Structure formats: structure tokens, C-alpha cells
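# Report on the structure
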Amino acid sequence: MMQWLLVMPIFIPLLTATACAFSFRKQSLSSVISWTGAIANLLVAILLIQTVISNGLQVTAFGDWKAPFGIVFVADLLSSSMVLITAIIGIAIVLYSTADLRSKPFYAIYHSLIHALLAGVMGSFLTGDIFNLYVFFEVMLITSFGLMVLGANKAQIDAAVKYVVLNLISTMVFLLAIGLLYGATGTLNMADLHAKVAELPDTTMMLISGLFLFGFAIKASAFPVFSWLPASYHHLPSAIVALYAALLTKVGVYALIRVFTIVFDLVDSGYQPLLIVIAGLTMLTGVLGAASQFNIKRILSFHIISQIGYMLMGLAIYTPLAITGAIFYIIHHIIVKANLFLIGGFLKRKQGSDNLRELGGAYSAMPWLALLFLIPAFSLAGFPPLSGFWGKFLVIKASLQTEEYLLAATALFVGLMTIYSMTKIWAEAFWKPLPENAPAPVTLSWKENCLYITPIAALAVITILIGFMVEPIYQLAETSAMNLLNPQPYINAVLGGDSISHTAPLSANGIAGGSH
Amino acid sequence: MSSIIFRTSAHIVTVLMLVFSVYLLLRGHNNPGGGFIAGLIAVIAFALLMLAETTDYVRQRLVYSPAAFAGSGILIALLAGLLPLFFGQPFLSGLWWGKIGSPLLFDIGIYLAVIGSVLMVLLNVEEELS
């Protein structure tokens, strides 16, 4: 059973991607295939997280080549919750793009590539092998490049080149680091690396972990190396930019968290002070960049960067509470950020522009959309009781506990500036009357409206649910953090031998006791 | 490429290379070879034919579009990975019936995928340029 469940999150999107490509000429057929694939994936993801919660960590080794020699897929709480969130975003994006990309000539290929991208993201979350992680990064890079240049104009090609060059540098450095790591330790399995890395000389470890940090920092768009993100995102179609914003940078953060807990110990590697500075500056530059923009997609793109800062801050502080906060923040941010981009895309479709100067009157025309905007916007800014408040609360509390007062102050200031940007969008796009020279809003058919609004409303509901039912998600994040900081059960399960099933107790006490 | 020697010999060499690529494909699971390089050699064969004749000539000889080759190749490879799951073994495990096994099926999938995707690029570039 487990062998099925662990492979399906990658298998289903790949199968859907090929099926969509084959139904290239029939738009409605490829939509149906795409929806079916996305729904099947959500069901599998739910089943997977349920199994992990009730039976503990799950491992499968491909081709029955046992770890550390073969490639293993490992589903622990963190991976399986990430897979679930990815599947939710997958459904939302597929529904939305059915309406948003309908007029594009490569409609079916868009769906095909969206699913292939989801396969890459799911694979990165599930793999327990660091070279396999690289392979899935490449899958993500290639498919995301494909999505960028499908039917592109000159500006889009320009953006895509910037995106690809910087991301290629990132994956090259990542590959270099893997090569050095393999040379130094002789293994690529993350669980096996944990013990072997600890025996390395300090200088070797610093070099290799520094390369990993650099490579993943580009992926996550951290402070000095984020320029590819604002340069490329705003040229993309709305559905695609929402997908990228929700998932791509977060995979980078996930890889950082995974590698700097299970493989390297962040404190031992000596990069903790650096990462604290990076986290603070990432937050600050992102939010200041957003303040100077007047285009919805550009504002939101810069806000991705500032929010990445909070997640890095959680990792940098490196206490159980801080990592809990970082994980909680990733879960919250994926939902909220995708939702804001979807709303921005809907406004653009209605008014034909996403420049705030040309927008207006959305509140009087569509009061319900204004309400749906307020939920993710306030959540992003951190209003209680919405999900963003809890994420910020956790990381800031952790920073106060470790007496990082400057970092805490930065985080609070950035929260304030986020409110400024969100109210700017609110005031310009929703509140002020429509400018006189602006074209009249497009009227959409009932069906199209439904396809646009359903994902937006569903994600808003999920945001509210996370806000009001913090306890179970907090516990999930806390147990994940405990598992990361005390990876012995993970290592035992991966290297333990048989590939059927291993149980690791879910309660934090059991893990701290290492009772496997 | 108007040389009559090249145009005549290209047809013969193409056939020889295609036979050789199948040979490499079949021995791949336990000898040097395999679906990937076999596919590349098959692509070189078709590229030679493309230079000697025209892109349309190659497209006609392929019968199905390169995209169909690539897609069906990926499907076959996925299927070969899925097959052992029905026998209670992990994804991508090798199932053997005598000397023929699911790794061969996987290789055939890779073979078709490589031929399809590389030819798709080659033919499109050639058509753009001329």
C-alpha cells in the first residue's frame, strides 16, 4: 500500500501532463483530464497525510535498492503536509486557468506543464536523496521555463532569460555542492549524511554548506540574490504567476530547512549569524521594494520576498519554536499568496490592467470581491485572528526568547509596511472611483465568473480555517519541527532496512525520547 | 547538400544506424547501451536523412508526429515503473521473465521519448532556418 501512496503524488501529475499533451487539439477534453488529475492528486495527498499521522513516517525505496544506495522517498509530517498544500494549490490553479488561459493558443500545453511542474514540486518535497532533490529542481526549472515562454512576447522572453540564467546558476552551485559532498562523505542519502557530515573537518563543512546556502538562497529569493523574481514574475499570465508565487520560492525555503536541519546543523555550520542578517534584510528590502511599486503583480512579487524573510528568520533562530513558526508560515503563505495573485488576475481580466492608476471602483461593482480581497490581504499583514498573525506571532516570539531584539523589531516594522501596501491596493483598486479614461469593465459569463471565484473563495475559506483552528496546525508544525531538530527517528526509519512501513510516534514527547 | 554520393549513402547509413540503435537498446539493461544513447543514435540517423532530403521527407517516414513519440515514450516508461507495484514490489523494481523484463520496457519508453523530443527540436529548428 505504502509503495503506491508515496509514488502517486509524482505519478499522477506526470500521467496527467502526458494525457493533456495528447489531447492538445481538444480544449474541453484536456480541461477534464486536468481537473481529474488535480482532484485525484488531492485525494492521494489527503490519504498520505492521514497515513503519516496515524502510522508515522513512511519510506519506499525505488527498485528495491535499499538506502543509502538507492533512492528513497520519505513522507514525514512536513513532506506530507507540503504535498497536501501543493495539491490544494494545484486544484485552485487548474480551475482558475481553465477560465484565465482559455483564449491562449497553447491551452492544453499550459495544463500539461502545470501538472509537470506540480510533479517536480511534489518530488522535491518527498525525496530523501539530495541528488534526487536536484533532479526535481531541474524538472521544476525546465517546466517553469516552458510556461514562461509559451506564446510569449518580447518582454516575456526577456523576463524568462533573466529567470533562467539566475536559476541555472543556483542549480549549478547546488550540483557543485552535491559533488563535493559526495566526494567528502561518499553518500547522498540525507539520513545517512546526518552522521557522516558531523565527522567532516570544519573547513570542508563550511565550504559545502556555504554552497548549499547560496544555491538555495537564489531559489528562495533571499536578500542579495532575489533580483530574478521581481524582474520576471509580473510578465506572466495571472494563473501561472499565482502558481509560481505559491510554490517555487517555498521549495527553496523547504530545501534550506531540510538541508540545514537533517544534513547540516545550522549552528555547527557557522552560518547562523549570516542567515539572521540575510533574513532581516530580505524582509526589509522586499517590503520597501513593494512600497515603491504601482502595479498589483509587482507589489505582490516584492511581498513574496519580504515574506520569505520571515521564514528564513524562523530557520535562522533555530529553536523548536522558531522552526515551528517557519513551517506554519510556509503553510499559511502558500495559500494566502496564491489567493492574492488570483484576485489581482481577476481584476486584470475585468479591467484589462493591473496598474493601480488605471484601476478603481471595484468595491462598488463587486463588494463580495472586496471582502474576498480583505481576507488574504489582512492575513498577509498579520491581523488576528487570520492565519498570518499566528505565523508572525510564532517567529517573533521565538526571536524575543533568543533576545534577537533587532530582528524582532524589523519583523514588526515590516508587518506595518505590509499593511501600507495592502491598503494601497485597497484604496486604489477598490475604493477610489474608476478613472474617467479607463475602459468599462468586461462582463464575464456566469460560468467564467464561477471558475474565477471558486478558487479565490476556497482559498479565503482555508485562510480563515487556519486562523480559527490554529491548534491542530500548530501541533503539526511543532511535531515537524521536533522531527527536524531531532532526526533520529527519521534516520532510523530510512536506514532501518525494510521498505514497508516504520512508525515514529507523533507526540513530541515520544520523539524527544527517541523511542523508535 | 546536393552531392549525389552523400544523398545515396545517407539512406544506407540511416538504416544501418537505426539497426545499431535497436541493438544498443536491447542490450542496455546489463551491458553498455540503453534507451537514452540508443535514442540519440536513432536521432542522428534521422538527422542525416533530414540533411540529405527534406524535413517533410523525414516527417512522412516517421508517420506519427515527434510529439506523439515523446508522449507515448513517457507513458511507456511510467507504465514500466508502475508495473512492479501490482506485484507488491516498490516502484521501478525489475520484473524478469527469463531474459526479458520490465527494465527493457522502461528502456523502450526512454528510447521513444528521446527520439520524439530531440527530433521535435531538430525538425522545428531546421524548418525555422530554411
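Remember, predicted model here, so these are calculated numbers, not experimental data.

Parameters at a glance
- Residues numbered from 1 in each chain as written.
- Chains lettered and ligands numbered in written order.
- Predicted model: local features only at pLDDT ≥ 70, side-chain atom pairs only at ≥ 80, totals over all residues.
- Heavy atoms only, no water.
- Helix = DSSP H or I, 4+ residues; strand = E, 2+ residues; numbered from the N terminus.
- Buried < 20%, exposed > 50% of the residue type's maximum accessible area, 1.4 Å probe, protein only.
- Contact = heavy atoms within 4.5 Å.
- Areas by Shrake-Rupley, 256 points an atom, 1.4 Å probe, with all protein chains shown as cover.
- Rg over C-alpha atoms; globule rule 2.2 N^0.38 Å.
- Salt bridge = Lys/Arg side-chain N within 4 Å of Asp/Glu carboxyl O.
- Pairing = 2+ DSSP bridges.

Here we come to the overall build of chain B. Along its length, chain B carries 5 helices and 2 strands. Per-residue burial over chain B gives 40% buried out of 130 residues. Here the analysis covers contacts within chain B between residues at least 6 apart in sequence; of these, 68% occur between residues at least 24 apart. Accessible surface, chain B as shown: approximately 7,100 Å² in total, 72% of it carbon and sulfur.

In terms of helices and strands, chain A carries 22 helices and 2 strands. Here chain A has a C-alpha radius of gyration of 22 Å; the compact-globule value for 516 residues is 24 Å, and the two agree. The principal-axis extents of the C-alpha atoms in chain A amount to approximately 70 × 55 × 40 Å. Across the 516 residues that make up chain A, the buried fraction comes to 63%. For chain A, contacts bridging at least 24 residues in sequence account for 81% of all contacts bridging at least 6. As displayed, chain A offers around 17,900 Å² of accessible surface, 69% of which is attributable to carbon and sulfur atoms.

A few words now on the environment of B:Leu123. Residue and element names in this part refer to chain B. Mapped onto the elements, Leu123 comes out in helix 5 (residues 102-129). Along the chain, Leu123 and Arg61 lie 62 residues apart, while their C-alpha atoms are 13 Å from each other. With residues up to four places along the chain from it excluded, the contact list for Leu123 reads Met50, Thr55, Val58, Arg59, Leu62 and Pro66.

Quick look at the pattern of salt bridges now. Throughout the structure, instances matching the rule amount to 7 salt bridges over all chains. A:Arg258 is the salt-bridge partner of A:Asp76, the closest N and O atoms lying 2.9 Å from each other. Separated by 182 residues along the polypeptide, A:Asp76 in the loop between strand 2 (72-75) and helix 3 (77-100) and A:Arg258 in helix 10 (residues 238-263) bring together distant segments of the chain. There is no split in this pair, since A:Asp76 and A:Arg258 are both buried. A salt bridge links B:Arg59 to B:Glu127, with the shortest nitrogen-to-oxygen separation between them at 3.0 Å. Here B:Glu127 lies in helix 5 and B:Arg59 lies in helix 3 (residues 55-62), a separation of 68 residues in the sequence. Given the relative accessible area of 31%, B:Glu127 is considered partly exposed.

Let us now look at the pairing of strand 2 of chain A. All names here are of chain A. On strand 2, burial covers both faces: Val72 and Val74 on one face and Phe73 and Ala75 on the other are all buried. Sheet topology places strand 1 (residues 58-61) next to strand 2; 4 bridges connect them, and they run antiparallel. Residue Gln58 lies in a different strand from strand 2, and its bridge partner there is Ala75.

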